[in-house]
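As a plain string of letters, each chain reads:
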Amino acid sequence: MTEVEAGLMGSIIEGEAIAVFRWGVIVDLGLSWVGLIDVLYIEDDDNYHVGDQVCCYLECFDEKKRKFILRPPGQVPVAEHLRRAEERRDPSS
């Protein structure tokens, strides 16, 4: 990942869906690596198609997957979901 790409983290970026799977959407961002909209961020009524223009937050770079992780606007980050779930299990924390 380049310094320019690192500076884009947290910002909204636009790209083109180049592959759609049940486990996520691969997005060409015009960067050194493709992006991934994880299935955790895809609602039942979302309909992604190859060629769609998508806007997402550039969350982070996943070294293991070698992809940028993308989050659609309006979706809560996975870390926030986990924190909220933990608070519901243990309200004293």
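In this report, we go over the structure that sits alongside the text. (Residues numbered from 1 in each chain as written. Predicted model: local features only at pLDDT ≥ 70, side-chain atom pairs only at ≥ 80, totals over all residues. Heavy atoms only, no water.)

### Brief notes about the state of the cysteines
What counts is decided by this rule: Cysteine sulfur atoms that come within 2.5 Å of each other are treated as a disulfide pair. Burial classification: accessible surface area is computed with a 1.4 Å probe over protein chains only, and a residue below 20% of its type maximum counts as buried, one above 50% as exposed, and the rest as partly exposed.
What the rule picks out here adds up to zero disulfides. Left without a disulfide partner, cysteine 56 is nearest to the cysteine sulfur of cysteine 55, which lies 7.3 Å away. We classify cysteine 56 as buried; its relative accessible area is 2%.

### Some remarks on the nonpolar core
So the rule is basically this: To define a nonpolar core, start from buried Ala, Val, Leu, Ile, Met, Phe, Trp, Tyr and Cys residues and group those joined through side-chain atoms within 4.5 Å. For helices the rule is a DSSP run of H or I covering at least 4 residues; for strands it is a run of E covering at least 2, with both sets numbered from the N terminus onward. Residue contacts follow a heavy-atom distance rule, with two residues in contact if any of their heavy atoms lie within 4.5 Å.
Within the largest apolar cluster, 14 residues are counted, with the highest numbers of intra-cluster contacts made by Val25, Val27, Leu29, Ile37, Leu58 and Leu70. No other element matches the four residues that strand S4 (residues 53–62) contributes to this core. In this structure, isoleucine 37 is in contact with Trp23, Gly24, Val25, Val27, Ile42, Tyr48, Cys56, Leu70 and Pro72, ignoring residues within four places of it in sequence.

### Things to note about the pairing of strand S2 (residues 24–28)
Here is the rule: Two strands make a pair as long as DSSP finds a minimum of two bridges between them.
For S2, a buried count of four out of five residues is recorded, marking the element as mostly surrounded by other parts of the structure. Count of turn residues in the strand S1 (residues 12–21)/S2 antiparallel hairpin: two residues. Where S2 meets strand S3 (residues 35–38), four bridges bridge the pair, whose relative direction is antiparallel. Note that in S3 the partner of valine 25 across the bridge is isoleucine 37.

### Remarks on the packing of aromatic side chains
Here is the rule we go by: Centres within 6.5 Å are what make two rings of Phe, Tyr or Trp a pair, Trp counting through its six-membered ring; a difference in plane orientation under 30 degrees is then read as stacked, over 60 as edge-to-face, and the rest as tilted.
For the structure on display, the rule yields three aromatic pairs. Seen in terms of ring centroids, phenylalanine 21 and tryptophan 23 are 4.5 Å apart; in terms of plane orientation they differ by 5°. Their pairing is stacked. Look at phenylalanine 21 and you get partly exposed, because its relative accessible area is 39%. Relative accessible area serves as the criterion here: at 41%, tryptophan 23 is assigned to the partly exposed category. Every member of this aromatic cluster is reached through a ring pair, and the members are Trp33, Phe61 and Phe68.

### Re the side chain of aspartate 38
To keep things clear, this is the line we draw: Here a polar contact means two N or O atoms within 3.5 Å. Within protein one must be a hydrogen donor candidate and the other an acceptor candidate, and residues neighboring in sequence count only if both atoms are side-chain atoms.
With respect to the helices, strands and loops of the structure, aspartate 38 is situated in strand S3. A polar contact is formed between the side chain of aspartate 38 and the backbone nitrogen of leucine 40, at a distance of 2.9 Å. Excluding residues within four positions of it along the chain, aspartate 38 makes contact with Trp23, Gly24, Lys65 and Leu70.

### Topic: the environment of isoleucine 12
By the element assignment, isoleucine 12 lies in strand S1. Separated by 28 residues in the primary sequence, isoleucine 12 and leucine 40 place their C-alpha atoms 18 Å from one another. Not counting the four nearest positions on each side in its chain, isoleucine 12 is found in contact with Cys55, Cys56 and Tyr57.

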